[in-house]
Amino acid sequence: MQKLPVTLILLTLVLQLNAQKKNEGFRLNIRKTNLPVKIDGIADDEAWEGTDVAKDFYMVLPMDIDKATDKSEIRMTYDDTNIYLIATFYNSIPGRYFVESLRRDFSFGKNDNFLLFLDPFNNQTTGFSFGSNAAGAQWDGTMFAGGSVDLNWDSKWVSEVTRDEEKWVFEMSLPFKSIRYEDGVKEWGINFSRLHLATSEKSSWTPIPRQFPTASLAYTGVLVWDEPPPAPRFNFSLIPYVLGQTTYDIDGNTDYETKVGGDVKISLSSSLNLDLTINPDFSQVEVDRQVTNLDRFELFFPERRQFFLENADLFASFGYETIRPFFSRRIGLGIPINAGLRLSGNLGDKWRLGVMDIQTAKDELTGLPSQNFGVISLQRQVFSRSTIGLLFVNKQSTNYPQDSDSLRSIYPKYNRNFGLEYNLASPDNLWNGKAFLLKSFTPDKQGNGITQAANIEYKSRKWNWGIKEEYVDSLYTAEVGYVPRKGYFNFNTFLGYLFFPKAGPVVSHGPVGKLNYYFDEKIKETDHQNILQYLINFRNRSSISLEGLNEYVELLSPFDPTGTGKDSLATGTKHRWNAFRFEYNSRPQSMFTYTAGGRVGGYYEDGTLASITSELGYRFQPYVSLSSNISYNNIKLPEPWNTTEFWLIGSEVDITFTNKLFFATLFQYNEQSKNFNLNSRLQWRYKPASDLFLVYTNNELLAPFDGRIWSITLKLTYWFNK
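Residues numbered from 1 in each chain as written. Predicted model: local features only at pLDDT ≥ 70, side-chain atom pairs only at ≥ 80, totals over all residues. Heavy atoms only, no water.

The next subject is the overall build of the protein chain. Of regular secondary structure, the protein chain possesses four helices and 38 strands. Taking the principal axes of its C-alpha atoms as reference, the protein chain extends roughly 75 × 60 × 50 Å. Counting the 722 residues in the protein chain, one finds 52% classified as buried. About 31800 Å² of surface is accessible on the protein chain, with carbon and sulfur atoms providing 57% of the total. Measuring between centres, the 75 positive side-chain charges of the protein chain sit 4 Å from its 82 negative side-chain charges. (Helix = DSSP H or I, 4+ residues; strand = E, 2+ residues; numbered from the N terminus. Buried < 20%, exposed > 50% of the residue type's maximum accessible area, 1.4 Å probe, protein only. Areas by Shrake-Rupley, 256 points an atom, 1.4 Å probe, with all protein chains shown as cover. Lys, Arg positive; Asp, Glu negative; His and termini not counted. Charge placed at Lys NZ, Arg CZ, Asp CG, Glu CD.)

Right, here's the structure in full:
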C-alpha cells in the first residue's frame, strides 16, 4: 500500500510527457468595439455585427457521438471596461422551457441553462463560471480542481434574457474588475455549455467525453484577444451591514440586539485578493438540513457561512472527505468571531496562495480563552494539470486566566497540523488521484501523530476503476479538522462498467463492485462493507440504482444502534448482516419530480432495519418551487431495544417573485432527535450584491425534552465598489 504514492508520480510522468491541450484547435476571436452595447437580451446592437460565432455544439449527454439537435450561437466583444456576450439558443419544440425558479445559482440539472467557463490563467485548473437559466436567473462561481464550481462566490455583473416560441437569448456584461486574470496575456481558456431539457441533451462548444462535466477545463477551447485585455485596475470594495435582532426563549426572556460589521475586499494584484471581515454576522445563512443519524462516528455538515466559502478549495480540499486537516465549522461555533482575514488567489500562472487568520472572543461562561485560527495553503502546478500543495493549520489559545493549569487540560494551548499533498490530473482527465502526508503537534505530545493516504482513479466512457488506502494514527489530532475516526488502516477499491444500447429508452446500464475494509493498527480486521450495485440511466435523465450489501462490524466503543438514547451494545461485540438498497430518480423535465429509495435487511444484534426515503418536488415555474424530504426508519432488535421507529420530515417553500426578490421557508421535524425547526427568509437584492434580509427562526425540543427559542432578524448590506 505504501507504494501507491510513488505509482502516482510515475504515472503522471508517463501521461503528461509532451501533453497538449485537447481542444487547442477550437479558437474564438474576440475584437474590441467602440460602439455601445445595451444589455437587453436583444441582438440588435451594431457592436455584434462582424463578431465571430461559436456554434455547431457537440452533444455530451445522453451520448457524445453526435452534434446537438438544436442550434446554439455565441458572440463576444469587449471595450475598456467590460466583456460582452450574447447567446442565442434555438428550440425545435416551440415554447418548451424548463426552469425551477428565478433564484441565483440555480440547480444545474433542473433548468434549461447556459454556462460560460473562463480559464484566464490557462492552467486548466482554476477559473470563473457565469451563466443563466432560460428565465434569467443568474449563475456565477469560481472554478477549482479542473472542473468544480464554487457557487458561493458572487460578483457584480449584468444580464438579461428574452424568450419567444423558437428561441431564448441571453446577453451579459462582465466588468474586467469583477474577475482576476494575468496582465498582458492574449489567450484564455474558454468553453460554453447548454442544458436543453426538452431534448434531454447537454451540449458543449468543444467535444467533451460524456463521463466528464462540461465544466472540465481540460477540454476548453481558446479565446483569442485582438490585443491584451485592459491592464487590471485597483479594486476596492466595502460591504458594511447593520442588523437588529429580537430573541425570545421558553423562560420568557426577551433579548434585543443591534450589531454593525462588514467586509472589505482589496485587489492586491490582477490575481490576488485580500478579504477582511470585522464582527461578522451569519444570521441570514441557510440552516442545516437535519438527517437521520445511525452512524457510529461524527456526521459531517457542510459550511454555509459566506466568509469561509469563497476560495474554500484552497483550504478545505486538502485531504479526503473523512480526513480533513482543516474544517472551518470548528471556528466560531457558539463563540463570536471578532475579525478575520483571507488572502487568496494566483501568484502567476503556476502558483496559488491562501492565507486565513480568524480571531474569536473569550467565552466567559465556560472559561474558553480567546483563540486564533491560522491557515496557510500553497499550491504549485506541475506538468499540465497536476499540483503539489502545502498546508499549515494552527489553533492557538490565548489569554488564559491565572489558574490556567486546569483549563489547559481541557483547552490545549495549541494544536498544529502540517501536510504535503500531490494531486494527479492527466491532460485528458482519464486519470486522477491524490497522495498526502499529515503530521499533528500538541503541547503534551499525546496528540502528535501522522496520517497518510493515497488513491488513483481511471474513468473512461465504459470503465471506471479506483483504489485507495488510508492510515490514521491513533495519536493524530486535528482540532480544526474533521477526522471522525482514528487508529486504523483502510483499503477500498471499486470497478464499474457501462453498456450502451443502440436504441430504446435506456442510454446506459452496468454493474459496479465496491470493497471497503478497515483494520486496527495491529492489522486486525474491524469492519468491512462489500457492495454490488447496478446502475440504469434513461434517455429522459431518470435513473435507477440497485445495491446488495454485505457488512461486518466489530464495535470499537459502546454504540446505541437506534440513535435515540437507549442502551448501548458493548465494545468488542461482532455483527454481520446482508441488506438491499434501491433508489429511483425521476426525469427533471416534469413539473412534479421525485426520488424514492429504501433499505431492507439485517442490522446489529441479528436485528433488522427497514427504511424508506423520498424527495418530492413540484414547481409552478418560474415563481414557486415546493419540495419535501421524508424518511421513515423501523428498527427491530431483541430486548431491551425491541422495536424503534421514527420519522424525519422536511418541507420547503421557495418563492421567487422576481430575480431580485425571494422568500423561502424551511420546516423540519426530526422524531429521532426530538426537534422541530422553522426558518423563514425574505431577501431583497435592491442593488447588485446588496441585500435586505428579514429572517425568522424557531427551534423547539419536543417531549420528553423541553426548550424553545425563536428570533427575528432584520439585516441590511450594501456593496460600495471603487
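Now that the structure has been shown, we can carry on.
A word on the packing of aromatic side chains. Under the definition given, this model contains 45 aromatic pairs. Plain terms: the ring middles of Phe89 and Trp168 are 4.7 Å apart, the flat faces sit at 35° to each other, and that makes the pair tilted. Remark: Trp168 occurs in strand 10 (residues 167–175) and Phe89 occurs in strand 4 (residues 82–90); sequence separation between them is 79 residues. Considered together, Phe89 and Trp168 belong to a single accessibility category, that of buried residues. The residue whose ring lies beneath Arg342 is Phe307, and the NZ or CZ to ring-centre distance is 4.7 Å. Between the NZ or CZ atom of Lys439 and the centre of the ring of Phe441, over which it lies, the distance is 4.4 Å. (Phe/Tyr/Trp six-rings, centres within 6.5 Å; stacked < 30°, edge-to-face > 60°. Lys NZ or Arg CZ within 6 Å of the ring centre and 35° of its normal.)

The subject of this paragraph is the pairing of strand 37 (residues 707–717). As paired strands, strand 14 (residues 236–249) and strand 37 are joined by nine bridges and run antiparallel to one another. Within strand 37, the residue paired with Asp249 across the bridge is Ile709. Direction of pairing for strand 36 (residues 690–701) relative to strand 37: antiparallel, over a ladder of 10 bridges. Within strand 37, the residue paired with Glu700 across the bridge is Arg708. Connecting the antiparallel pair strand 36 and strand 37 is a turn made up of five residues. (Pairing = 2+ DSSP bridges.)

A full pass over the atoms with the stated rule returns 29 salt bridges. Of the charged contacts in the structure, one is a salt bridge between Arg329 and Asp288, with a shortest N-O distance of 2.8 Å. Of this pair, Arg329 sits in the loop between helix 3 (313–316) and strand 17 (337–347) while Asp288 sits in the loop between strand 16 (272–278) and helix 2 (306–309), and the two are 41 residues apart along the sequence. For Arg581, the salt bridge goes to Glu547, with nearest N and O atoms at 2.6 Å. Linking Arg581 in strand 29 (residues 574–585) with Glu547 in strand 28 (residues 543–554), this pair joins segments that are 34 residues apart in sequence. Residue classification places Glu547 among the buried residues on the basis of a relative accessible area of 9%. The structure contains a network of salt bridges with shared partners spanning Arg104, Asp140, Asp154, Arg685 and Asp691. (Salt bridge = Lys/Arg side-chain N within 4 Å of Asp/Glu carboxyl O.)

A surface patch of nonpolar side chains, about 570 Å² in accessible area, is lined by Phe592, Tyr594, Leu616, Tyr618, Phe620, Leu626 and Val653. Counting only elements with at least two residues in the nonpolar patch, the list comes to strand 30 (592–603) and strand 31 (607–620). The biggest single contributor to the nonpolar patch is strand 31, with three residues. Within the fold, Tyr594 resides in strand 30. (Patch = residues over 30% accessible without salt bridge, like charges linked within 9 Å, V, L, I, M, F, W, Y side chains within 5 Å.)

Glancing now at unusual backbone geometry. Cis geometry is found at the peptide bond from Gln621 to Pro622, where omega equals 0°. The residue Pro622 is located in the loop between strand 31 and strand 32 (624–636) in this model. Between Glu639 and the following residue, Pro640, the backbone shows a cis peptide bond with an omega angle of 10°. With respect to the helices and strands, Pro640 occurs in the loop between strand 32 and strand 33 (643–656). Residues other than glycine seldom take positive phi values, yet Lys445 does so here, at roughly 70°. Considering the arrangement of structural elements, one finds Lys445 in the loop between strand 22 (431–441) and strand 23 (450–459).

Assignment of secondary structure puts Ser377 in strand 19 (residues 371–382). Here Ser377 falls in the buried class, since its relative accessible area comes to 2%. For Ser377, the side chain forms a polar contact with the main-chain oxygen of Leu314, separated by 2.6 Å. (Polar contact = N/O pair within 3.5 Å; in protein donor to acceptor, adjacent residues only side chain to side chain.)

The subject of this paragraph is the side chain of Asp40. For Asp40, the location among the structural elements is in the loop between strand 1 (27–32) and strand 2 (58–61). Although buried, Asp40 forms no salt bridge, and the nearest oppositely charged side chain, Lys38, lies 4.5 Å from it. Separated by 3.0 Å, the side chain of Asp40 and the backbone nitrogen of Ile42 make a polar contact. With sequence-adjacent residues up to four places away left out, Asp40 is seen in contact with Glu160, Thr162 and Glu171. (Contact = heavy atoms within 4.5 Å.)

This next bit is on the nonpolar core. Ranked by size, the top nonpolar core spans 36 residues in total, and within it Leu85, Phe114 and Phe192 carry the most contacts. Those elements that provide at least two residues to this core are strand 1, strand 3 (72–78), strand 4, strand 5 (113–119), strand 6 (127–133), strand 10, strand 11 (187–196) and strand 13 (221–225). The residues contacting Leu85, other than those within four sequence positions of it, are Trp48, Ile74, Arg75, Met76, Phe114, Leu116, Phe170, Glu171, Met172 and Phe192. Membership of the second largest hydrophobic core comes to 26 residues, among which are Phe326, Ile358, Leu391 and Val483. (Core = buried A, V, L, I, M, F, W, Y, C linked by side-chain atoms within 4.5 Å.)

Looking now at the environment of Glu554. Tracing the backbone shows Glu554 in strand 28. Judged by its relative accessible area of 10%, Glu554 falls in the buried class. For the pair formed by Glu554 and Thr571, sequence separation is 17 residues and the distance between their alpha carbons is 7.9 Å.

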